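These are the residues of each chain, in order.
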Amino acid sequence: MPGSRLDPNKSLEGYVGFANLPNQVYRKSVKKGFEFTLMVVGESGLGKSTLINSLFLSDLYSAEYPGPSKRHNKTLQINPTQVLLREGGVQLKLNVVDTPGFGDAVDNSNCWEPVTNFIDSKFEEYLNAESKVNRKSSPDNRVQCCLYFIAPTGHGLKPLDIEFMKRLHDKVNIIPLIAKADTLTPEECRDFKKTILNEIEKNQIRIYEFPDVEDEEENGMLKKLKERVPFAVVGSNRVMEVNGKKVRGRQYPWGVVEVDNLQHNDFLALRDMLIRTHMQDLRDVTNNVHYENYRYKKLANVSATDGKVKDGSRDPLTQMEEERKEHRQKMKKMEAEMEQVFEIKVKEKMQKLKDSETDLQRRAEQMKKSLEQQKAELEQKRIAFLEEKRLWESQNKGDENMTLKKNKKSLF
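Throughout what follows, the structure given in this document is the object of discussion. (Residues numbered from 1 in each chain as written. Predicted model: local features only at pLDDT ≥ 70, side-chain atom pairs only at ≥ 80, totals over all residues. Heavy atoms only, no water.)

Overview of the sheet that holds strand β3 (residues 90–98)
Consider a sheet: its strands pair through backbone hydrogen bonds, and that pairing is either parallel or antiparallel.
Next up, step 1: With respect to topology, six strands assemble into an open sheet ordered β2-β3-β1-β4-β5-β6, the strand pairing being mixed. Edge positions in the sheet fall to β2 (79–87) and β6 (231–232), since each has one partner strand and no second.
Next up, step 2: As judged from the two bridges shared by strand β5 (residues 174–178) and β6, these two strands associate in the parallel manner. Bridging across to β6, Leu177 finds its partner in Phe231.
Next up, step 3: The strands touched by helix α2 (residues 48–56) are β1 (34–41), β2, β3, β4 (145–150) and β5; relative to β1, the strand with the most contacts, the crossing angle is about 155°. (Pairing = 2+ DSSP bridges. Helix = DSSP H or I, 4+ residues; strand = E, 2+ residues; numbered from the N terminus. Contact = heavy atoms within 4.5 Å. Axes fitted to C-alpha atoms, helices over the stretch in contact; angles between N-to-C directions.)

Listed below in structure tokens is the structure:
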């Protein structure tokens, strides 16, 4: 009835079934699988390949396909690797993007450009696939997370570290890591973390921020997780026995550094955050923040006319009609310019043909005059030759008569 309003808090008298929607979404998601693109950036020799193998308990890098630091070609290039992982009936298509040779050159100016170009190219691919008339389910290869490895110097960030993160913090979720943390004492590691966080704040670098939660228990876990940033990690796939228990770790003369021990390093916290608790949030932030920023800038540039952006508050149909009129005017202007250019080109071509024709006529006349002159010279030479021939014949005939007379006299 007119004027009637629906009760916003209507209770149901029986079972309808839409409470099963989460199960439907779950089954569909499990059937479709998940995609995640992880980029690892850092200087060679910081243990990037070992850490990736440790994170996913899989030999992504092996003797057949070694890590970036063990390859002969150390020039900065982007090498994506794809692997399909399965766990508990859920499959994950993992794309690992490594950057061999990053920071290894004598001059590292603009060494971040291949990385930024790669991230933008994946945004561009996704935008083009999304803008097609027939949109098919294309793979999502957008970079959702960047693990940036910091050398364990203990002296803070290098200028290259600061510049790289400033160039990428608005394009991808950056998670800073202190590589090979077993080279630092616990006190040195804590001081190093504080120094890094102070420099990040000082240079206004935006690293990945954990989402707020309302649950007190989750909030407490999240607080402990934030306190470990930047994560000081140790990677190893070597299994050894310590006190009758098999663990992954590194053996030293003074003892064993266990990879999966939070008292030794932050590897377990990083793995739980990256895979178990915040992988979907990394995907959401990439899609809703970084990709939307790229998409807005891209479409704003496309819709700009004469340096001005279209007003988004106006009627879309009116804007489309105005754009159509502007397009027609531009086409007419371009057509007139093309006709003018065509006429100029035709006139130039005709003038060239006339000049060429005049030149050919002049050359033909010169050749004709030259031939006539040669003909006259040959005619004069022929007449002179005939005259010489006549004189020679008459002279030889007189000599012959005199010789005959002398011969007759001698006979008598």
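Moving on, there is more to tell.
Brief notes about the pairing of strand β8 (residues 245–252)
Next up, step 1: In the sheet, strand β7 (residues 239–242) pairs with β8 via four bridges, with the strands oriented antiparallel. Along β8, the bridge assignment pairs Glu241 with Lys246.
Next up, step 2: The antiparallel hairpin formed by β7 and β8 contains two residues in its connecting segment, where Asn243 sits at a positive phi of about 55°.
Next up, step 3: Of the strand pairs in this sheet, β8 and strand β9 (residues 255–258) are connected by four bridges, and their pairing is antiparallel. Each residue of the ladder has a partner; that of Tyr252, found in β9, is Gly255.
Next up, step 4: Turn length for the β8-β9 hairpin, with the two strands adjacent in sequence and antiparallel, is two residues.

Comments concerning the packing of helix α3 (residues 113–131) against helix α4 (residues 159–168)
Axes are the key here: two packed helices are described by the angle between their axes and the distance separating the axes.
Next up, step 1: Running from amino to carboxyl end, α3 crosses α4 at an angle of 15°, the nearest separation of the two axes being 10 Å. Accordingly, the angle class assigned to the pair α3 and α4 is roughly parallel. By crossing handedness, the relation of α3 to α4 is classed as right-handed. For the pair α3 and α4, the contacting residues are Val115, Thr116 and Ile119 in the first and Phe164, Arg167 and Leu168 in the second. (Parallel < 35°, antiparallel > 145°, perpendicular 65-115°, else oblique. Left-handed = near helix turned anticlockwise from the far one by under 90°.)

Some details on unusual backbone geometry
Next up, step 1: Cis rather than trans, the peptide bond between Val229 and Pro230 has omega equal to -5°.
Next up, step 2: Structurally, Pro230 is set in the loop between α6 (216–227) and β6.
Next up, step 3: Non-glycine residue Gln204 carries a positive phi angle of around 55°.
Next up, step 4: Tracing the backbone shows Gln204 in the loop between α5 (186–202) and α6.
Next up, step 5: Accessibility expressed as a relative area gives 64% for Gln204, which makes it exposed. (Buried < 20%, exposed > 50% of the residue type's maximum accessible area, 1.4 Å probe, protein only.)

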